[in-house]
Amino acid sequence: MSTIKSAEFVKSSSRVEECPPADRPEYAFIGRSNVGKSSLINLLTNNGKLAKVSSKPGKTQLINHFIIDHTWYLVDLPGYGWAKVSKTSKAQWKKMIDRYFKERENLTLVFVLIDSRHDPQQIDLDFVNSLGLAGIPLALVFTKADKNGVTKAQSSMAKFRKVLKKEWAEVPPCFLTSTVSGYGKDDIINYVREVNQSLAEH
Ligand code: GDP
C-alpha cells in the first residue's frame, strides 16, 4: 500500500542546529520557487494544507520538518530562484542550505523538483550539479505533467537527463508527477519505502 497514513508538522528551524533529533531517515524537497513543491508535499501526505502553497518571496526562510508514519522525516526546504530577492537573502539562503546539506547526518535523499514544462534550465542544472559534486544522494521530480500533457513532460525529462548524462556516470532516479491527477504519487512513496527498507536491512 502506498498511502501515507500520518503526517504531522514537527517544527520550523532557521538553522541546522535547531532541527529535530537526527533519529530517522530524512528526505528533503527543494526546487525553484513556484515549481509545485507545496502542492506535491500536500499530495503525497493526503493533506491539502500541510505545506503552504505559494508562499511569498522574502519571507523568513525556514527548514520545515514533518514526520511521516512515525518513521521518516519529510523536509520542506525554501526554494531558489525568486526573481525579486535581495543579494543578502540569497546569500543567507545559500549558507543555510549548504550547512543543512553538509551537517544533517540523517539526510537520506534530496528530491529536486523541476518544472516539466520547460527545456533544461541552467538554474536547475547548476543546483543538481552542486548536489552531485557534494556527493548528496538525489532524485529528480518533474512537476506539472498535466499542464502540457504527459508526452511533452516526458520529453523535457529526457532532455534534462541527456544534459546530465554528459557529465554524470549515472543519472539519478527520475519521477514525473501531477498534483492535479495524482500521477507519480505512488512511485515516489514506494521509492521512499524501498530506500527506508534497504537502510533498515544494512
Ligand atoms: P511552490 O512555490 O513550489 O510551493 O509551488 P506551489 O505548490 O505553491 O504551486 C505553484 C502553482 O503551481 C500553484 O498555482 C499550483 O496550483 C500550481 N501547481 C502545482 N503543481 C501543479 C500540477 O501538478 N499541475 C498543475 N496544473 N498546476 C500545479
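Everything that follows concerns the structure shown earlier in this document.
Note that the coordinates shown come from a computational prediction; the quantities given were computed from them, not determined experimentally. (Residues numbered from 1 in each chain as written. Predicted model: local features only at pLDDT ≥ 70, side-chain atom pairs only at ≥ 80, totals over all residues. Heavy atoms only, no water.)

Our next topic: the pattern of salt bridges. Throughout the structure, instances matching the rule amount to 12 salt bridges. One salt bridge in this structure joins arginine 104 and glutamate 26, with 2.8 Å as the shortest N-O distance. Of this pair, arginine 104 sits in the loop between helix 2 (87-103) and strand 5 (107-115) while glutamate 26 sits in strand 2 (residues 26-31), and the two are 78 residues apart along the sequence. Each of the two residues, arginine 104 as well as glutamate 26, counts as buried. Glutamate 103 serves as the salt-bridge partner of arginine 99, at 2.9 Å between the closest nitrogen and oxygen. With arginine 99 and glutamate 103 both in helix 2, this residue pair falls four residues apart, about one helical turn. On the basis of relative accessibility, which here comes to 27%, the residue arginine 99 falls in the partly exposed class. Salt bridges linked by common partners bring Arg15, Glu17, Glu18, Arg99 and Glu103 together as one network. (Salt bridge = Lys/Arg side-chain N within 4 Å of Asp/Glu carboxyl O. Helix = DSSP H or I, 4+ residues; strand = E, 2+ residues; numbered from the N terminus. Buried < 20%, exposed > 50% of the residue type's maximum accessible area, 1.4 Å probe, protein only.)

Judged by nonpolar contacts, the single largest core of 34 residues is most densely connected at Phe101, Val110, Val112 and Leu140. When residues of this core are traced back to their parent elements, those giving at least two are strand 2, helix 2, strand 5, helix 3 (122-133), strand 6 (138-143), helix 4 (150-165) and strand 7 (174-176). The greatest single-element share of this core, amounting to five residues, is contributed by helix 2. For phenylalanine 101, the contacting residues outside a window of four places in its chain are Leu77, Leu107, Val110, Phe127, Leu131 and Ile136. In terms of nonpolar packing, the next biggest core, distinct from the first, is built from 26 residues, Ile4, Phe29, Leu44 and Leu113 among them. (Core = buried A, V, L, I, M, F, W, Y, C linked by side-chain atoms within 4.5 Å. Contact = heavy atoms within 4.5 Å.)

Such coordinate-based values are descriptive only and should not be taken to indicate function.
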